[in-house]
Amino acid sequence: MLAPSDTPVRRALVIGYGSPIRGDDAIGPLVAERLERDGVPAGVTILARHILTADLVPDICAADLVIFIDATPDGEPGEIHCRPLAADPTTIAPMAHALDPRELLAWAAALYDHHPPAYLVSTPGHSFAFAHFGLSEPVAGAVEALAARVRGLIAEPPGIDGQPVVSNAFGDGSMTS
Amino acid sequence: MSRTITIEPVTRIEGHARITLQLDDAGKVSDARFHLTQFRGFEKFCEGRPYREMPALTARTCGICPVSHLLASNKACDDLLSVGIPATAERLRRVMNLAQLVQSHALSFFHLSSPDLLLGWDSDPASRNIFGVMQGHPQLARDGIRLRQIGQQIIEMLGGKKIHPTWVVPGGVNEPLTAEKRDAMLALLPEGLEIAKESYAFFKTLVPKFHQEARHFGDLQTLFLSLITPEGDLEHYDGLIRITDAHGHILEDMVPPSEYQRLIGEAVEDFSYMKFPYYKPLGYPRGIYRVGPLARLNNAESCGTPYADVALAEFRTLQESGPISSSFHYHYARLVEIIFALEMMKRLLKDPQILDHRVRARARSNQNEGIGVAEAPRGTLIHHYRIDDEGLLTWMNLIIATGHNNLAMNASIRQVAEAYVDGANVQEGMLNRVEAVIRCYDPCLSCASHAFGQMPLQVDVADPTGRILATVRRG
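Remember, predicted model here, so these are calculated numbers, not experimental data.

Check the secondary structure of chain A and you find five helices and five strands. Shown N-terminal to C-terminal, the secondary structure of chain A runs as helices and strands in the order β-α-β-α-β-β-α-β-α-α. A burial count over chain A gives 57% of its 177 residues as buried. Of the contacts made within chain A by residues no fewer than 6 positions apart, 77% connect residues no fewer than 24 positions apart. For chain A, the exposed area adds up to about 6600 Å²; of that, 54% sits on carbon and sulfur atoms.

Turn by turn, an α-helix covers 3.6 residues, leaving residues three or four places apart pointing in a common direction. Across its 21 residues, helix 12 (residues 330-350) of chain B extends 30 Å between first and last C-alpha, which sits within 8% of the 30 Å expected from 1.5 Å per residue. By the criterion of burial, helix 12 of chain B is predominantly enclosed, with 18 of the 21 residues buried.

The subject of this paragraph is the sheet that holds strand 13 (residues 393-399) of chain B. All names here are of chain B. Taking strand neighbours across the sheet as the criterion, the three strands line up as 11-12-13 in an open arrangement whose pairing is antiparallel. Two strands bound the open sheet, and with one partner strand each, they are strand 11 (369-376) and strand 13. On average, adjacent strands in this sheet sit at an angle of 10 degrees to one another, irrespective of strand direction. Relative to strand 13, strand 12 (residues 379-387) is paired through six bridges, and the arrangement is antiparallel. The residue bridging Ile387 from the neighbouring strand is Leu393, located in strand 13. Strands strand 11 and strand 12 of the sheet are contacted by helix 3 (residues 66-81), whose axis makes an angle of about 150 degrees with strand 11.

Take unusual backbone geometry next. Residue and element names in this part refer to chain B. Cis peptide bonds are those with omega within 30 degrees of zero, and the linkage from Tyr284 to Pro285 qualifies with 0 degrees. Within the secondary structure layout, Pro285 lies in the loop between strand 9 (276-279) and strand 10 (289-290). Look at Ser82: it is not a glycine, yet its phi comes out positive at around 60 degrees. Among the structural elements, Ser82 can be located in the loop between helix 3 and helix 4 (87-119). Assessed through its relative accessible area of 44%, Ser82 is described here as partly exposed. Phi at Asp442 is positive, roughly 50 degrees, even though this residue is not glycine. Mapping Asp442 onto the fold places it in the loop between helix 15 (428-440) and strand 14 (457-462).

All names here are of chain A. The contact between helix 1 (residues 27-38) and helix 5 (residues 143-155) brings their axes to 9 Å, and the two run at 65 degrees. Taken together, the axes of helix 1 and helix 5 lie roughly perpendicular to each other. The chirality of how helix 1 crosses helix 5 is right-handed. Residues Ile27, Val31, Arg34, Leu35 and Asp38 of helix 1 lie in contact with helix 5, whose contacting residues are Val143, Glu144, Leu146, Ala147, Val150 and Arg151. In the contact of helix 1 with helix 5, the residues fall into seven nonpolar, no polar and four charged.

Let's shift gears to the pattern of salt bridges. By the definition in use, this model includes 36 salt bridges over all chains. Arg146 of chain B is the salt-bridge partner of Glu191 of chain B, the closest N and O atoms lying 2.9 Å from each other. Placement of Glu191 of chain B in helix 7 (residues 179-206) and of Arg146 of chain B in helix 6 (residues 138-159) is noted, with a sequence separation of 45 residues between them. Arg296 of chain B is the partner of Glu375 of chain B in a salt bridge, and the nearest nitrogen-oxygen pair spans 2.7 Å. Of this pair, Glu375 of chain B sits in strand 11 while Arg296 of chain B sits in helix 10 (residues 293-299); the two residues are 79 residues apart in sequence, bridging distant segments of the chain. One exposure class covers both Glu375 of chain B and Arg296 of chain B, and it is buried. Shared partners join several salt bridges into a network, and the residues in it are Arg34, Arg37, Asp38, Glu144 and Arg151 of chain A.

Moving on, we come to the environment of Ala109 of chain A. Residues and elements named next belong to chain A. Tracing the chain through its elements places Ala109 in helix 3 (residues 101-112). By relative accessible area, Ala109 is classed as buried at 8%. For the pair Ala109 and Ile15, spaced 94 residues apart in sequence, the C-alpha separation works out to 18 Å.

A word on the packing of aromatic side chains. Geometrically, a pair of aromatic rings is defined through the distance of the ring centres and the angle of the planes. Residue and element names in this part refer to chain B. Under the defined criterion, the tally for this structure stands at 17 aromatic pairs over all chains. Consider the rings of Phe109 and Phe203, whose centres lie 5.2 Å apart with planes at 85 degrees: the pair is edge-to-face. You can see Phe109 sitting in helix 4 and its partner Phe203 sitting in helix 7, a full 94 residues away along the chain. With a relative accessible area of 1%, Phe203 lands in the buried category. Across the ring face of Tyr237, the terminal group of Lys75 is positioned such that the distance to the ring centre comes to 4.4 Å. Lying across the ring of Tyr420, Arg433 places its NZ or CZ 4.8 Å from the centre.

All names here are of chain B. Across the sheet, which stays open at both edges, the four strands sit in the order 7-6-5-10 with mixed pairing between neighbours. Each edge of the open sheet is held by one strand with a lone partner, namely strand 7 (250-255) and strand 10. Pairing geometry for strand 5 (residues 223-228) and strand 6 (residues 240-244), over five bridges, is antiparallel. Note that in strand 6 the partner of Ser226 across the bridge is Arg242.

Let us now look at the nonpolar core. In this structure, Phe68 of chain A together with Ile154 of chain B are the most contacted members of the largest nonpolar core, which totals 131 residues. A per-element tally of this core places helix 12 of chain B first, with 14 residues. Ranked by size, the runner-up nonpolar core spans 26 residues in total, among them Ile67, Ile69, Val121 and Ala147 of chain A.

All names here are of chain A. Overall, the predicted model of chain A reaches an average pLDDT of 82, with 79% of residues at or above 70. Low confidence marks residues 1-6, where pLDDT is under 50. Its contacts with residues over four positions away, or in another chain, come to 17 contacts. Confidence drops under a pLDDT of 50 for residues 160-177, and excluding neighbours within four residues, the segment shows 40 contacts in the predicted structure.

Residues and elements named next belong to chain B. Between helix 4 and helix 7, the least distance of the axes is 13 Å, while the angle of their chain directions is 25 degrees. As summarised for this structure, helix 4 and helix 7 are arranged roughly parallel, according to the angle between their axes. Classified by chirality, the crossing of helix 7 by helix 4 is left-handed. Only Ser199, Phe202, Phe203 and Leu206 of helix 7 make contact with helix 4, whose side of the interface consists of Phe109, Phe110, Leu117 and Leu118. In the contact of helix 4 with helix 7, the residues fall into seven nonpolar, one polar and no charged.

Our next topic: the pairing of strand 11 of chain B. All names here are of chain B. Counting buried residues along strand 11, seven of its eight residues qualify, which places the element largely inside the surrounding structure. Both strand 11 and strand 12 contribute to a ladder of eight bridges, which runs antiparallel. When the sheet's bridge partners are listed, Val373 is paired in strand 12 with Ile382. As consecutive antiparallel partners, strand 11 and strand 12 are separated by two residues.

Reading the values: the criteria
Residues numbered from 1 in each chain as written. Chains lettered and ligands numbered in written order. Predicted model: local features only at pLDDT ≥ 70, side-chain atom pairs only at ≥ 80, totals over all residues. Heavy atoms only, no water. Helix = DSSP H or I, 4+ residues; strand = E, 2+ residues; numbered from the N terminus. Buried < 20%, exposed > 50% of the residue type's maximum accessible area, 1.4 Å probe, protein only. Contact = heavy atoms within 4.5 Å. Areas by Shrake-Rupley, 256 points an atom, 1.4 Å probe, with all protein chains shown as cover. Expected span 1.5 Å × (residues − 1). Pairing = 2+ DSSP bridges. Axes fitted to C-alpha atoms, helices over the stretch in contact; angles between N-to-C directions. Parallel < 35°, antiparallel > 145°, perpendicular 65-115°, else oblique. Left-handed = near helix turned anticlockwise from the far one by under 90°. Nonpolar A, V, L, I, M, F, W, Y, C, P; charged D, E, K, R; others polar. Salt bridge = Lys/Arg side-chain N within 4 Å of Asp/Glu carboxyl O. Phe/Tyr/Trp six-rings, centres within 6.5 Å; stacked < 30°, edge-to-face > 60°. Lys NZ or Arg CZ within 6 Å of the ring centre and 35° of its normal. Core = buried A, V, L, I, M, F, W, Y, C linked by side-chain atoms within 4.5 Å. pLDDT = per-residue confidence, 0-100.

Here you go:
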């Protein structure tokens, strides 16, 4: 189902998502805003969303590459993670308002027969308590690094096997830097 | 003065619910309760914050209908400013509200309820989900996505894609509409209306199959509350409150929303974090009423748009006489409202005044209390603020659309359980019907809790002494 991608990325879709009032969960939208503010190459669309919803599916299908940006609950806050995503219908959301990115890819595959290579760029959050568009210190310090990782993914098209060809800060090619 | 309020439990849960069925000595259902077990606390942690933050902050109450909170909150702020907003600003807000109604109703019908309606209540739960629908009815699933996309695109063309919503502001909107955007929105509507009409026609053919469900899925004798226009027609953004009874008699009419506290009392129960609003003159719990699409259509004399009025006339034939009483027909009402919303958006956008540049009244706060009421997709949404002379919130009351339906949801669960539950022999099909009757109301449990497929739901069956005889848990 994964669409081959052996040519340079022409249309990339970047979706930063999370609640802006739940502390570090705002990192996705805020990185999206940073990317938009700094400017992105032609053909790159930046979206900031509270949650992922099904209306994104056609936009995902129309892209050559899709990158999700989110906070994760586990790990060292501020650490940058990047991993490929595959369609996974078993992630079907028990609450239908918010979808997992892998479920969105599964919707795309089921309804439109394909989805582009997809990645999740994330950092573990430190606090998810109420905060009005505010991040904890370690996560606030990761905004630029997350944006840089997204720019790297856009600049260097992923391999046909869906693995990113960009290396991490440690140069070991693992998915976490 | 800065304050820190710690909210515990911190929830990333969305709509965890529990249902308790009480059995009598004969093993029959004697009581049923719907427990909302999550806590949000918006009314507390907003205290002490500037009123101008409220639209952006309360919009985060919900991931699926932020526009409803944005509008009700800004209307409350308009009231604090004591201003009447420019006519064009009101029209633009209306367009945004209707666009959200389209995308929210599309989610409910096409993606949340369609597995039950198309695959059957007793079908294999492993495939009774949206992917099962995609397999058997892929075009219907695509249509639902397209309607959601059209609604979202219109919202984004009006409000932008930023995470800090700044287009709707106290006093109006902060930017007039351009002809280019107006034309782009108008270009989306014909396809949307075509999808809506076809979906409506398709669902009409299914309705006769659901005779039993219509009898038992919340077929209740309740009041209906909604906003209406001064002419008595369907209204979603502004208007006046009408309350009718189960026979269609009007109990309250043309009541300004600012008087909501005269009509609505708010009870609490120790088994749920959701309030139990009721019609005050009848007391609690006799004052049970319903809101949302079913109530709006029952209360309206007409929709005021051509296709929606045809559909409304057909809706009224679902029952021999009187208001449509079964909550199962919320599904039907949603489809009628999608048609209406698309037609009405076209009418609003075709009006040349929609491009007028006067879209905002500017003022500082001029009174210490403000009330904003609008119709959210799920029903009447009330924001009520009190502020001090510095403009900081001292008190807030929110009555969320889903909350109005709390008594009715509890009564509906009981009705379904009485009809389908066989003592302690709890079957999955019964569990699904209990879920399904909740889904008729399309509840938004605090923020974003909808149930389809594997909703985290627990059903306890207890004997008269409270001993748990059986528990079925999912999710």
